[in-house]
Amino acid sequence: MILLGNAGNKLWGGRFVGNTDPIMEKFNASIAYDQRMWEADVKGSKAYVKALQKAGLVTQNEMEQILTGLDKVFDEWSKGEFKIKPGDEDIHTANERRLKEFIGDPAGKLHTGRSRNDQVATDTRLWLRDAINTLKELALQLISTMVERAAVEIEILCPGYTHMQRAQPIRWSHWILSHAVALSRDVERLEDIRKHVNVMPLGSGAIAGNPFNIDRELLRQELKFDSISINSMDATGQRDFVAEFLFWASMCLTHLSKMAEDLILYSTKEFSFITLTDAYSTGSSLMPQKKNADSLELIRSKAGRVFGRCAGFLMTLKGLPSTYNKDLQEDKEAMFDTYDTVHAVLQVATGVISTLKVNQPAMEGALSPDMLATDLAYHLVRKGMPFREAHSCAGKAVYIAESKNIHLSQITVEDLQTVSPLFDKDVSSVWDYNRSVEQYSAPGGTARSSVTAQIEHFRTWLQAQKQKP
Amino acid sequence: TMASSEGNKLWGGRFVGNTDPIMEKFNASIAYDQRMWEADVKGSKAYVKALQKAGLVTQNEMEQILTGLDKVFDEWSKGEFKIKPGDEDIHTANERRLKEFIGDPAGKLHTGRSRNDQVATDTRLWLRDAINTLKELALQLISTMVERAAVEIEILCPGYTHMQRAQPIRWSHWILSHAVALSRDVERLEDIRKHVNVMPLGSGAIAGNPFNIDRELLRQELKFDSISINSMDATGQRDFVAEFLFWASMCLTHLSKMAEDLILYSTKEFSFITLTDAYSTGSSLMPQKKNADSLELIRSKAGRVFGRCAGFLMTLKGLPSTYNKDLQEDKEAMFDTYDTVHAVLQVATGVISTLKVNQPAMEGALSPDMLATDLAYHLVRKGMPFREAHSCAGKAVYIAESKNIHLSQITVEDLQTVSPLFDKDVSSVWDYNRSVEQYSAPGGTARSSVTAQIEHFRTWLQAQKQKP
């Protein structure tokens, strides 16, 4: 019996006798993007052959040939010399093909007991684990830049906004740190995710496990995973760690989109609080005066892109039957694009923050007496009036000032006394922005002592982060 | 003279015109945030204690306020609290009622506080309790699955990859594959509870608290783990809500996969399982129909809940710092998500505990072609490289298909045309029990491995129940 086989180099060839539709070939192949995991794939295979040797499925000599061959594959990739051939459906196929070209038949023993199902899940985790380390570094740099800027500029006051309306005077550094604290949460979440990534699927086979008494503990140690997966069907069929990473990135970029929004507003002529350096701005091909904060606009934009990756992947996961389905290969492009995007955004954000110029006179010039209306109320509270009533009195004072078209601080004591007899000459002490910010001395507030405490907190935290393995 | 019609608004003071009644409705959150009445009372009771310590209310005023707040609590718990026009939100409503009970001292409660830190605190208090309930329900579901897996450990069935028959597995291995995903959900939920348990109170509107409020006292009163470190972030972020919404999306995505499997297994074509009538519905037209509506709805809710997550993330994107009214979109998303997960977990537990397994159908669906890998491994154990053995087994499958016979019916002679390594001992391959038993490495489908998983989960469940 003659079998016609045009399955080429496919790892699954055996029973297949017809050609694959070339459009289907392209539709199905993941090599275009999963080659990015070449290093993880080689590492995974090197560990696996050691376990095969221990299980008696390859001889010592075969193991050494395979290890040497895999090192050559590694070399070619790292020099950019690896040539992908037609029929290399994915990185796993490509690496095994090249290995066979180097060492011949022993290469055919590498995949014993393994499936691409547990191989790819392992490779992806190895790749992401390293990627996370890099993103963490970049995030720490950004946070550090922000904290040191906050330390230097701690004397600068500016309006604090709620609902984007002037609310109360704050320290500019308090604003900086409000964004730093959100990013510090992102770093901590990233560490949590790294733990979730660091569970090893290898030894789960295609679905049912490994039938050759492979030492999974040996594999775990070789590949530096924290633990081994406990159910082979779940291990090969879940990508929770990818979905979590995509959501993490969505949250991180949402945080940065808010910071970008603030800074874009502050860079307008109307606010004039900050100026970006030219390095992070662009002009208009039409209007000569334009200086656009394109860096910040793009940072703001990427939250949508990345969340789209997250949403798309979650939709892909929904309602999938158990275990491996080809749908799951949608994970990689989402993961790579998200990584690349966050990588770039963190770097640009660091550049923007470290080089932007603050316009202190404009910031402090934007402080207006009406922003001390709460302080006026608190002045009455300190004289014994219930806050609710004091709030109402201060509101009436604001109304009077607006009707007379004067600043709140210009209301006469006589006029104030029509609002409440508790007012007297000492009300003049209210109209002092420094005094205003200094009252917020409880932890977390905008007084100098509280902001200094935040800076110290972050410096300690950053130190501890850098010392983690 | 100022004409003011802003009624009971906490912010009235400078406002002199009427609000557009459509805007009133658009703006008010009382319709849904009243659900947090208990958290709001708790938060206020703690706050007045801190006010007393800071000298902003007297001992007597504090006691009046505490007593008044207890009365507010009572009315709510008896379902007797009446919401009035002008009660924009739960905070306004509670303070209004407090004033009706105790008069002027009520006006001192909000000193140094803003609804910005109040609502952030209330929401965290509510969610913290809600998480405890969901965790309980999830543990019940997992426990049901684990015990079922223990009882049915002998049953074999096809395992599918790409929804095509792959290799024989234990049915219990399938059950546990879904249990392990849910156990991750429980662990993530605990992580989220930690993120929820950070106290914003004492952040004021934006700048902090100006009256030397003892935030540590508040923290202890309200049993938070820590206090927020930056007042602008504390009042302006809802990460904990977004994380909860995503957590729920992941959990329901897990359950959507389990539902998908079970729906397929309940078809006539599979006939692996039957749902009890309690979890099925019929057709108003076709008398034979028994639909697994419970599972279909479980599968559906992943989209609903992820929609809540996506919607909220879109709301958050590009918001300026600190509090903006946009943030009140958090609550309906959070409540709907909680209610949905609550129901799904309960129904899933009911379905899993009552469904009937059709062992003959499951084991009857095992077919010799599913042992093709075993055929390849048979050659591997005789020294052939796997890659070559895989190819040989593939050829054997082809031969069987061409002759329209089962793989197990191929003659030794025919097999020897594929490889001379084949001989009479190939007959040992065609044994499903032997097949599953080889997967004895941890995580596999052998009896020992599945038993180990069951023990792992029982230990884990015990530990979970003992956590505070």
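Since this is a predicted model, take the numbers as computed values, not measurements.

Conventions and cut-offs
Counting restarts for each chain: residues are numbered from 1 in the order of the written sequence. Numbering of ligands from 1 and lettering of chains from A proceed in the order in which they are written. Whole-chain, interface and lining totals are the exception, using all residues; otherwise, since this is a predicted model, local features are given only for residues with pLDDT of at least 70 and side-chain atom pairs are given and counted only at 80 or more. In computing side-chain properties, one takes all heavy atoms of the structure into account and sets aside hydrogens as well as water. UniProt positions are given in the numbering used here, feature names are shortened, and annotations may be inferred rather than shown by experiment. We count a stretch as a helix when DSSP gives it H or I for four or more residues in a row; a strand needs E for two or more, and each element gets its number in order from the N terminus. Axis definition: a line fitted to C-alpha atoms, limited for helices to the stretch in contact. Angles are taken between N-to-C directions and run from 0 to 180 degrees. Here is the rule for angles: anything less than 35 degrees is roughly parallel, anything more than 145 is roughly antiparallel, 65 through 115 is roughly perpendicular, and the remaining ranges are oblique. In a left-handed crossing the near helix is turned counterclockwise from the far helix by less than a right angle, and in a right-handed crossing that turn is clockwise. Contact definition: two residues touch when any of their heavy atoms are within 4.5 Å. Note on residue classes: Ala, Val, Leu, Ile, Met, Phe, Trp, Tyr, Cys and Pro are nonpolar, Asp, Glu, Lys and Arg are charged, and everything else, Gly too, is polar. A pocket here means an open set of points on a 1 Å grid, computed over the protein atoms alone, that has protein on both sides within 12 Å along at least five of seven lines. A cavity is instead a set of points where a 1.4 Å probe fits but cannot get out; residues with an atom within 4 Å of a point line either one. Grid points are joined across faces, edges and corners, and a volume is the space filled by probe spheres set on the points. Relative accessibility thresholds used throughout: buried, under 20% of the residue-type maximum; exposed, over 50%; partly exposed, between the two (1.4 Å probe, protein chains only). Strand pairing requires that DSSP identify at least two bridges connecting the strands. Boundaries between domains were set according to an automatic or database domain assignment. Accessible surface is computed with a 1.4 Å probe, and the buried area is the amount of it that two parts give up when combined, taken over both parts together. Here, a salt bridge means any Lys or Arg side-chain nitrogen found within 4 Å of an Asp or Glu carboxyl oxygen. A 3.5 Å cut-off defines polar contacts: any pair of N or O atoms within that distance qualifies, except that in protein one atom must be a possible hydrogen donor and the other a possible acceptor, and neighbouring residues in sequence count only when both atoms are side-chain atoms. Note on ring pairs: Phe, Tyr and Trp rings are taken, using the six-membered ring of Trp, and paired if centres are within 6.5 Å. Classes follow the plane angle, with under 30 degrees stacked, over 60 edge-to-face and the rest tilted.

Asks: Account for the UniProt feature "domain: Argininosuccinate lyase C-terminal" (unreviewed entry) in chain A, naming residues and giving values.
Replies: UniProt annotation of "domain: Argininosuccinate lyase C-terminal" (unreviewed entry) refers to residues 371-438 of chain A when read in the numbering used here. Helix makes up 59% of residues 371-438 of chain A and strand 0%, with an end-to-end C-alpha separation of 15 Å.

Asks: Which residues make up the packing of helix 3 (residues 38-54) of chain A against helix 6 (residues 116-152) of chain A, and what values do they have?
Replies: All names here are of chain A. In contact at an axis separation of 8 Å, helix 3 and helix 6 are set at 120° when each is read in the N-to-C sense. Regarding the angle of helix 3 to helix 6, the classification is oblique. The way helix 3 lies across helix 6 gives a crossing that is right-handed. Residue-level inspection shows Ala40, Asp41, Lys43, Gly44 and Ser45 of helix 3 in contact with helix 6, the latter providing Gln119, Asp123, Leu126, Trp127 and Asp130. Looking at the contact of helix 3 with helix 6, its residues break down into 3 nonpolar, 3 polar and 4 charged.

Asks: Could you give an account of empty space enclosed by the protein, naming the residues involved and the relevant values?
Replies: Gaps left between atoms are located by rolling a probe of water-molecule size over the structure's atoms. Summed over all chains, the structure comprises 9 cavities of 30 Å³ or more. Its boundaries defined by the atoms lining it, the largest cavity holds a volume of some 360 Å³. Every residue lining the largest cavity is counted, 24 residues in all, and those nearest its centre are Arg189, Glu244 and Phe247 of chain A together with Glu243 and Phe246 of chain B. Residue composition of the lining of the largest cavity, by class: 8 nonpolar, 4 polar and 12 charged.

Asks: Describe the pairing of strand 1 (residues 157-162) of chain A, with residues and values.
Replies: Residue and element names in this part refer to chain A. Along strand 1, 6 of the 6 residues are buried, which leaves the element largely enclosed by surrounding structure. By the bridge criterion, 6 bridges tie strand 1 to strand 2 (residues 165-171) in an arrangement that is antiparallel. Residue pairing across strands places Gly160 opposite Gln168, the latter belonging to strand 2. Counting the residues in the hairpin turn of strand 1 and strand 2 gives 2 residues, including His163, whose phi is positive at 55°.

Asks: Can you lay out the environment of Ile264 of chain A for me, pointing to particular residues and giving the numbers?
Replies: Residue and element names in this part refer to chain A. Among the secondary structure elements, Ile264 is positioned in helix 10 (residues 240-266). Taking the relative accessible area as the measure of exposure, Ile264 reaches 15% and is therefore buried. Spatially, the C-alpha atom of Ile264 lies 8.7 Å from that of Asn292, the residues being 28 residues apart in sequence. Contact partners of Ile264, with chain neighbours within four places excluded, come to Ala293, Leu296, Glu297 and Arg300.

Asks: Could you give me a rundown of the domain arrangement of chain A, with the residues and numbers involved?
Replies: All names here are of chain A. Each assigned domain of chain A is listed here: domain 1 (22-109), domain 2 (116-366) and domain 3 (369-431). Just the C-alpha atoms count here: the centres of domain 1 and domain 2 sit 32 Å apart. Summed over both partners, the interface of domain 1 with domain 2 buries about 2200 Å², with 60% contributed by carbon and sulfur atoms. Sorting the residues of domain 1 by area buried against domain 2 places Tyr33, Arg36 and Met37 first, and these three jointly supply 31% of that buried surface. On the surface where domain 1 and domain 2 come into contact, there are 5 salt bridges. Measuring nitrogen to oxygen at the nearest pair gives 2.6 Å for the salt bridge that ties Asp340 to Arg36. On the surface where domain 1 and domain 2 come into contact, there are 10 residue pairs in polar contact (both at pLDDT 80 or more). At the level of elements, helix 1 (22-28), helix 2 (31-34), helix 3 and helix 5 (91-103) are the ones that each hand at least two residues to the side of domain 1 that touches domain 2. Looking at which element gives the most residues to the side of domain 1 that touches domain 2, the answer is helix 3, with 11 residues. Here the side of domain 1 that touches domain 2 is built from residues that sort into 11 nonpolar, 6 polar and 8 charged.

Asks: Provide a residue-level description of the UniProt feature "domain: Argininosuccinate lyase C-terminal" (unreviewed entry) in chain B, including the pertinent values.
Replies: UniProt's entry tags residues 370-437 of chain B with the feature "domain: Argininosuccinate lyase C-terminal" (unreviewed entry), counted in the numbering of this structure. Between the end C-alpha atoms of residues 370-437 of chain B the distance is 15 Å, and the span holds 59% helix and 0% strand.

Asks: Please give an account of unusual backbone geometry that cites residues and values.
Replies: For Asn405 of chain A, which is not glycine, the phi torsion reads 55° and is therefore positive. Relative to the helices and strands, Asn405 of chain A resides in the loop between helix 15 (387-404) and helix 16 (413-419). Positive phi, close to 55°, is recorded for Ser271 of chain B, a residue that is not glycine. Here Ser271 of chain B is to be found in the loop between helix 10 (239-265) and strand 5 (273-274).

Asks: Describe the side chain of Asn94 of chain B, with residues and values.
Replies: When you line up the elements, Asn94 of chain B lands in helix 5 (residues 90-102). Those residues in contact with Asn94 of chain B, other than ones at most four positions away along the chain, are Trp37, Asp40, Val41, Val72, Trp76 and Phe81 of chain B.

Asks: Outline the interface of chain B and chain A, supporting the account with residue identities and numerical values.
Replies: The interface of chain B with chain A comprises 108 residues on the first partner and 109 residues on the second. At the boundary of chain B with chain A, total buried surface from both sides reaches about 8900 Å², with 61% on carbon and sulfur atoms. Summed over the shared surface of chain B and chain A, the number is 8 salt bridges. Seen at the junction of chain B and chain A, the total is 44 residue pairs in polar contact (both at pLDDT 80 or more). It is helix 10 of chain B that contributes the most residues to the side of chain B that touches chain A, 12 residues altogether. Class assignment of the residues belonging to the side of chain B that touches chain A gives a composition of 45 nonpolar, 42 polar and 21 charged.

Asks: Can you break down the packing of aromatic side chains residue by residue, with the values?
Replies: Going through the model one piece at a time under the given rule, you end up with 32 aromatic pairs over all chains. Both rings, one in Tyr378 of chain A and one in Phe211 of chain B, keep their centres 4.5 Å apart while their planes meet at 80°; by these two values the pair is edge-to-face. Note that Tyr378 of chain A is positioned in helix 14 (residues 373-381) and Phe211 of chain B in the loop between strand 3 (198-199) and helix 8 (215-222), a pairing that runs across two chains. Of the residues examined, Tyr378 of chain A reaches a relative accessible area of 4% and is grouped as buried. Ring centres of Trp37 of chain B and Trp76 of chain B lie 6.0 Å apart, and the angle between their planes is 10°; on these two criteria the pair is classed as stacked. Of this pair, Trp37 of chain B sits in helix 3 (residues 37-53) while Trp76 of chain B sits in helix 4 (residues 59-77); the two residues are 39 residues apart in sequence, bridging distant segments of the chain. Under the relative-accessibility criterion, Trp37 of chain B is labelled buried at 15%. Feature note: the residues Tyr161, Trp172, Trp175, Tyr266, Phe271 and Phe273 of chain A constitute an aromatic cluster, connected by ring pairs.

Asks: Break down the pattern of salt bridges for me, citing the residues and quoting the values.
Replies: Enumeration according to the criterion identifies 70 salt bridges over all chains in this entry. Note that Glu191 of chain A and Lys136 of chain A form a salt bridge whose closest N and O atoms lie 2.6 Å from each other. Highlighted residues: Glu191 of chain A in helix 7 (residues 172-197) and Lys136 of chain A in helix 6, separated in sequence by 55 residues. Exposure class is identical for Glu191 of chain A and Lys136 of chain A. Each is buried. Among the salt bridges present, the one from Arg97 of chain B reaches Glu100 of chain B, with a minimum N-O distance of 2.7 Å. One end of the pair is Arg97 of chain B and the other is Glu100 of chain B, both in helix 5 and 3 residues apart, which spans about a single turn. Judged by relative accessible area, which is 19%, Arg97 of chain B ranks as buried. Three or more residues joined by partner-sharing salt bridges are found here, namely Glu76, Lys85, Asp88, Arg97, Arg98 and Glu101 of chain A.

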